[in-house]
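Chain by chain, the residues:
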Amino acid sequence: MIPALNEAGAITGVIAEIRAELPGVDVLVVDDGSTDSTAREAGKAGALVASLPYNLGVGGARRLGYRYGLDGDYDVVVQLDADGQHDPKFVPQMIDALDEGDVVIGARFAGVGEYRVRGPRSWAMSFLSTVLSAVARTRLTDTTSGYRATNRRGTALYAQFFPVEYLGDTVETIVQAVRHDLTVRQVPVAMRPRVAGTPSHSPIRATIYLGRAFSVLVLALIRR
Ligand SMILES: Nc1nc2c(ncn2[C@@H]2O[C@H](COP(=O)(O)OP(=O)(O)O)[C@@H](O)[C@H]2O)c(=O)[nH]1
Ligand SMILES: [Mg+2]
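Just so you know, these numbers come straight off a predicted model, no measurement behind them.

Quick look at the coordination of the magnesium ion (ligand 2) now. Protein coordination at the magnesium ion (ligand 2): the donors are Asp-83 (OD) and Gln-85 (OE1), at 1.9 to 2.0 Å from the metal. Gln-85 matches Asp-83 in its accessibility class, with the two residues each being buried.

Of the pockets and cavities examined, the second largest pocket occupies roughly 430 Å³. Counting residues per element, the lining of the second largest pocket draws most heavily on helix H3 (residues 58-71), which supplies three residues. In terms of residue class, the lining of the second largest pocket is made up of 15 nonpolar, two polar and two charged.

Let's shift gears to the nonpolar core. Within the largest apolar cluster, 33 residues are counted, with the highest numbers of intra-cluster contacts made by Tyr-66, Leu-132, Leu-140, Tyr-158, Ala-177 and Val-184. Only strand S2 (28-31), H3, strand S5 (103-107), helix H5 (119-136), helix H6 (152-160), helix H7 (168-179) and helix H8 (203-222) provide two or more residues apiece to this core. Not counting residues up to four positions away in its chain, the partners in contact with Val-184 are Val-103, Ile-105, Ala-136, Thr-138, Leu-140, Ile-174, Ala-177 and Val-178. By size, the runner-up hydrophobic cluster in this structure holds 26 residues, among which are Ile-11, Ile-18, Leu-80 and Val-91.

Let us look at the sheet that holds strand S7 (residues 184-188). Overall, mixed pairing links the four strands, which are arranged S4-S6-S5-S7 in an open sheet. With one partner strand each, in any of the chains shown, strand S4 (77-79) and S7 form the two edges of the open sheet. On average, each strand axis in the sheet is tilted by 20° relative to the strand beside it, whichever way the strands run. Judged from the three bridges that link them, S4 and strand S6 (residues 148-150) form a sheet pairing that is antiparallel. Counterpart to Val-78 in the pairing with S6 is Ala-149. Here H7 sits on the sheet in contact with S5, S6 and S7, set at roughly 30° to S6.

Procedures and definitions
Residues numbered from 1 in each chain as written. Chains lettered and ligands numbered in written order. Predicted model: local features only at pLDDT ≥ 70, side-chain atom pairs only at ≥ 80, totals over all residues. Heavy atoms only, no water. Donors = N, O, S within 2.8 Å, 3.2 Å for Na, K, Ca; no water. Buried < 20%, exposed > 50% of the residue type's maximum accessible area, 1.4 Å probe, protein only. 1 Å grid on protein atoms, 1.4 Å probe; cavity = no way out; pocket = protein on both sides within 12 Å on 5 of 7 lines; lining within 4 Å. Points joined across faces, edges and corners; volume = space filled by probe spheres on them. Helix = DSSP H or I, 4+ residues; strand = E, 2+ residues; numbered from the N terminus. Nonpolar A, V, L, I, M, F, W, Y, C, P; charged D, E, K, R; others polar. Core = buried A, V, L, I, M, F, W, Y, C linked by side-chain atoms within 4.5 Å. Contact = heavy atoms within 4.5 Å. Pairing = 2+ DSSP bridges. Axes fitted to C-alpha atoms, helices over the stretch in contact; angles between N-to-C directions.

Written out as C-alpha coordinates, the structure reads:
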(Lines give C-alpha, C1' and ligand atoms only; values in the text may rest on other atoms or scores of the structure.)
(Ligands and ions follow the chains in the order given, each with its own letter.)
Protein backbone atom coordinates (compact mmCIF):
# COMPACT_ATOMS: atom_id res chain seq x y z
CA MET A 1 0.00 0.00 0.00
CA ILE A 2 1.52 3.23 -1.19
CA PRO A 3 0.11 6.65 -0.26
CA ALA A 4 1.09 9.11 -2.96
CA LEU A 5 0.85 12.84 -3.44
CA ASN A 6 2.36 14.23 -6.64
CA GLU A 7 4.87 11.42 -7.13
CA ALA A 8 4.66 11.04 -10.91
CA GLY A 9 8.45 11.17 -11.16
CA ALA A 10 9.01 8.26 -8.80
CA ILE A 11 5.93 6.03 -8.70
CA THR A 12 6.63 4.00 -11.86
CA GLY A 13 10.06 2.94 -10.61
CA VAL A 14 8.72 2.12 -7.16
CA ILE A 15 5.99 -0.15 -8.54
CA ALA A 16 8.38 -1.82 -11.01
CA GLU A 17 10.82 -2.55 -8.20
CA ILE A 18 8.10 -4.05 -6.00
CA ARG A 19 6.85 -6.26 -8.82
CA ALA A 20 10.40 -7.44 -9.60
CA GLU A 21 11.28 -8.08 -5.97
CA LEU A 22 7.92 -9.51 -4.87
CA PRO A 23 6.23 -11.13 -7.86
CA GLY A 24 2.52 -11.76 -7.47
CA VAL A 25 1.75 -9.23 -4.75
CA ASP A 26 -1.10 -6.77 -5.17
CA VAL A 27 0.03 -3.16 -5.22
CA LEU A 28 -2.43 -0.47 -4.13
CA VAL A 29 -1.61 3.18 -4.70
CA VAL A 30 -3.76 5.65 -2.78
CA ASP A 31 -3.57 8.79 -4.83
CA ASP A 32 -4.56 11.63 -2.58
CA GLY A 33 -5.73 14.35 -4.91
CA SER A 34 -2.48 14.64 -6.86
CA THR A 35 -2.42 17.39 -9.44
CA ASP A 36 0.15 15.61 -11.60
CA SER A 37 -0.12 12.29 -13.48
CA THR A 38 0.58 10.05 -10.44
CA ALA A 39 -2.66 8.05 -10.79
CA ARG A 40 -2.21 7.47 -14.50
CA GLU A 41 1.44 6.43 -14.14
CA ALA A 42 0.57 4.09 -11.29
CA GLY A 43 -2.17 2.42 -13.30
CA LYS A 44 0.14 2.01 -16.31
CA ALA A 45 2.76 0.42 -14.08
CA GLY A 46 0.25 -2.23 -13.03
CA ALA A 47 -0.96 -1.03 -9.64
CA LEU A 48 -4.51 -0.81 -8.39
CA VAL A 49 -5.24 2.86 -7.91
CA ALA A 50 -7.66 4.42 -5.44
CA SER A 51 -8.02 8.08 -6.34
CA LEU A 52 -9.39 10.25 -3.57
CA PRO A 53 -11.44 13.22 -4.73
CA TYR A 54 -9.49 15.65 -2.56
CA ASN A 55 -6.51 15.58 -0.24
CA LEU A 56 -7.28 13.58 2.90
CA GLY A 57 -3.72 13.44 4.19
CA VAL A 58 -1.42 10.50 4.81
CA GLY A 59 -3.46 9.11 7.71
CA GLY A 60 -6.74 8.97 5.80
CA ALA A 61 -5.01 7.48 2.78
CA ARG A 62 -3.38 4.78 4.87
CA ARG A 63 -6.61 3.95 6.65
CA LEU A 64 -8.21 3.40 3.27
CA GLY A 65 -5.35 1.03 2.42
CA TYR A 66 -5.81 -0.96 5.62
CA ARG A 67 -9.55 -1.16 5.05
CA TYR A 68 -8.88 -2.52 1.57
CA GLY A 69 -6.53 -5.07 3.16
CA LEU A 70 -9.16 -6.12 5.69
CA ASP A 71 -11.98 -6.36 3.16
CA GLY A 72 -9.75 -8.28 0.77
CA ASP A 73 -8.75 -10.73 3.55
CA TYR A 74 -5.02 -10.21 3.04
CA ASP A 75 -2.62 -12.02 5.41
CA VAL A 76 -0.17 -9.13 5.31
CA VAL A 77 -0.31 -5.44 4.44
CA VAL A 78 2.93 -3.55 3.85
CA GLN A 79 2.87 0.25 3.68
CA LEU A 80 5.72 2.01 1.95
CA ASP A 81 6.40 5.40 0.45
CA ALA A 82 5.95 6.45 -3.17
CA ASP A 83 9.24 8.32 -3.38
CA GLY A 84 11.61 5.35 -3.62
CA GLN A 85 13.06 5.69 -0.11
CA HIS A 86 11.83 2.26 1.00
CA ASP A 87 13.60 -0.68 -0.63
CA PRO A 88 11.14 -3.58 -1.09
CA LYS A 89 13.93 -6.11 -0.68
CA PHE A 90 13.38 -5.85 3.09
CA VAL A 91 9.75 -6.98 2.85
CA PRO A 92 10.48 -10.72 3.32
CA GLN A 93 12.39 -9.96 6.55
CA MET A 94 9.54 -7.80 7.76
CA ILE A 95 7.05 -10.57 7.02
CA ASP A 96 9.25 -13.06 8.93
CA ALA A 97 9.21 -10.68 11.89
CA LEU A 98 5.39 -10.82 11.86
CA ASP A 99 5.83 -14.23 13.52
CA GLU A 100 6.71 -12.30 16.66
CA GLY A 101 4.77 -9.08 16.20
CA ASP A 102 1.51 -7.76 14.83
CA VAL A 103 3.08 -4.53 13.60
CA VAL A 104 6.62 -4.50 12.21
CA ILE A 105 8.49 -1.25 11.56
CA GLY A 106 11.25 -1.04 8.95
CA ALA A 107 13.69 1.01 11.02
CA ARG A 108 16.69 3.19 10.36
CA PHE A 109 19.38 3.72 12.99
CA ALA A 110 19.42 0.01 13.86
CA GLY A 111 22.82 -0.87 12.46
CA VAL A 112 21.93 -1.19 8.76
CA GLY A 113 22.39 1.64 6.26
CA GLU A 114 24.01 5.05 6.34
CA TYR A 115 20.98 7.27 6.90
CA ARG A 116 21.91 10.09 9.28
CA VAL A 117 19.95 12.92 10.84
CA ARG A 118 21.54 15.75 12.84
CA GLY A 119 20.74 18.50 15.30
CA PRO A 120 17.37 19.09 16.97
CA ARG A 121 15.62 16.73 14.60
CA SER A 122 17.89 13.90 15.69
CA TRP A 123 17.42 14.68 19.41
CA ALA A 124 13.68 14.75 18.98
CA MET A 125 13.72 11.45 17.12
CA SER A 126 15.82 9.74 19.76
CA PHE A 127 13.62 11.08 22.54
CA LEU A 128 10.53 9.70 20.79
CA SER A 129 12.30 6.38 20.32
CA THR A 130 13.22 6.14 23.99
CA VAL A 131 9.69 6.85 25.20
CA LEU A 132 8.00 4.61 22.65
CA SER A 133 10.47 1.78 23.29
CA ALA A 134 9.40 1.87 26.93
CA VAL A 135 5.72 1.98 25.94
CA ALA A 136 6.08 -0.94 23.53
CA ARG A 137 8.54 -2.86 25.74
CA THR A 138 10.92 -3.45 22.85
CA ARG A 139 13.78 -1.53 21.27
CA LEU A 140 12.44 0.90 18.66
CA THR A 141 14.92 3.17 16.89
CA ASP A 142 12.76 4.79 14.21
CA THR A 143 9.24 5.58 15.37
CA THR A 144 8.52 7.98 12.51
CA SER A 145 9.26 5.42 9.80
CA GLY A 146 6.49 5.01 7.22
CA TYR A 147 7.77 1.57 6.23
CA ARG A 148 5.65 -0.97 8.09
CA ALA A 149 4.02 -4.36 7.87
CA THR A 150 0.96 -5.69 9.68
CA ASN A 151 -0.59 -9.13 10.09
CA ARG A 152 -4.38 -9.58 10.17
CA ARG A 153 -4.64 -8.30 13.72
CA GLY A 154 -2.65 -5.19 12.91
CA THR A 155 -4.55 -4.64 9.68
CA ALA A 156 -7.91 -4.98 11.46
CA LEU A 157 -6.89 -2.42 14.06
CA TYR A 158 -5.64 0.13 11.56
CA ALA A 159 -8.64 -0.37 9.25
CA GLN A 160 -10.78 0.83 12.12
CA PHE A 161 -8.58 3.22 14.04
CA PHE A 162 -5.92 4.97 12.05
CA PRO A 163 -5.20 8.47 13.28
CA VAL A 164 -5.81 11.04 10.60
CA GLU A 165 -4.43 13.93 12.63
CA TYR A 166 -1.14 15.48 11.66
CA LEU A 167 1.67 13.11 12.61
CA GLY A 168 -0.70 10.56 14.13
CA ASP A 169 0.26 8.10 11.42
CA THR A 170 3.68 7.60 12.98
CA VAL A 171 3.84 8.06 16.74
CA GLU A 172 0.23 7.53 17.73
CA THR A 173 -0.18 4.31 15.74
CA ILE A 174 2.48 2.70 17.91
CA VAL A 175 0.81 3.72 21.17
CA GLN A 176 -2.51 2.55 19.76
CA ALA A 177 -1.17 -0.88 18.82
CA VAL A 178 0.19 -1.37 22.34
CA ARG A 179 -3.08 -0.18 23.89
CA HIS A 180 -4.92 -2.84 21.88
CA ASP A 181 -2.53 -5.53 23.15
CA LEU A 182 -0.75 -5.89 19.86
CA THR A 183 2.99 -6.54 19.71
CA VAL A 184 5.29 -4.10 17.92
CA ARG A 185 8.67 -5.18 16.52
CA GLN A 186 11.25 -3.65 14.21
CA VAL A 187 13.54 -4.86 11.44
CA PRO A 188 16.67 -2.86 10.54
CA VAL A 189 16.53 -1.42 7.02
CA ALA A 190 18.64 0.88 4.88
CA MET A 191 16.75 3.87 3.51
CA ARG A 192 17.57 5.72 0.32
CA PRO A 193 17.14 9.33 -0.73
CA ARG A 194 13.88 10.08 -2.55
CA VAL A 195 14.30 9.67 -6.33
CA ALA A 196 12.18 12.60 -7.57
CA GLY A 197 9.67 15.18 -6.45
CA THR A 198 9.80 17.16 -3.24
CA PRO A 199 9.58 15.99 0.36
CA SER A 200 6.50 17.13 2.26
CA HIS A 201 8.71 18.68 4.95
CA SER A 202 11.80 20.85 4.77
CA PRO A 203 14.41 20.41 7.56
CA ILE A 204 12.86 23.30 9.49
CA ARG A 205 9.35 21.97 9.05
CA ALA A 206 10.61 18.52 10.03
CA THR A 207 11.95 19.90 13.29
CA ILE A 208 8.68 21.71 14.03
CA TYR A 209 6.86 18.53 13.08
CA LEU A 210 8.89 16.58 15.60
CA GLY A 211 8.25 19.24 18.21
CA ARG A 212 4.56 18.70 17.64
CA ALA A 213 5.19 14.99 17.92
CA PHE A 214 5.82 15.47 21.64
CA SER A 215 2.33 16.90 22.09
CA VAL A 216 0.87 14.10 20.02
CA LEU A 217 2.75 11.58 22.11
CA VAL A 218 1.55 13.05 25.38
CA LEU A 219 -2.04 13.16 24.10
CA ALA A 220 -1.81 9.59 22.83
CA LEU A 221 -0.52 8.42 26.21
CA ILE A 222 -3.21 10.16 28.26
CA ARG A 223 -6.08 9.40 25.91
CA ARG A 224 -8.29 6.56 27.16
N1 LIG B 1 -1.91 10.07 0.52
C2 LIG B 1 -1.06 11.05 0.79
N3 LIG B 1 0.23 10.79 0.70
C4 LIG B 1 1.08 11.79 0.98
C5 LIG B 1 0.70 13.10 1.35
N6 LIG B 1 1.82 13.83 1.58
C7 LIG B 1 2.86 13.01 1.35
N8 LIG B 1 2.41 11.77 0.97
C9 LIG B 1 3.16 10.55 0.65
O10 LIG B 1 3.70 10.05 1.86
C11 LIG B 1 4.97 9.48 1.62
C12 LIG B 1 6.03 10.15 2.50
O13 LIG B 1 6.12 11.52 2.15
P14 LIG B 1 7.51 12.28 2.14
O15 LIG B 1 7.21 13.66 1.68
O16 LIG B 1 8.52 11.49 1.38
O17 LIG B 1 7.85 12.29 3.70
P18 LIG B 1 9.27 12.00 4.38
O19 LIG B 1 9.83 10.77 3.75
O20 LIG B 1 8.89 11.81 5.82
O21 LIG B 1 10.07 13.23 4.11
C22 LIG B 1 5.23 9.63 0.12
O23 LIG B 1 4.84 8.43 -0.50
C24 LIG B 1 4.33 10.79 -0.27
O25 LIG B 1 3.91 10.73 -1.62
C26 LIG B 1 -0.71 13.35 1.42
O27 LIG B 1 -1.19 14.45 1.72
N28 LIG B 1 -1.53 12.28 1.13
MG1 LIG C 1 10.13 10.47 1.78
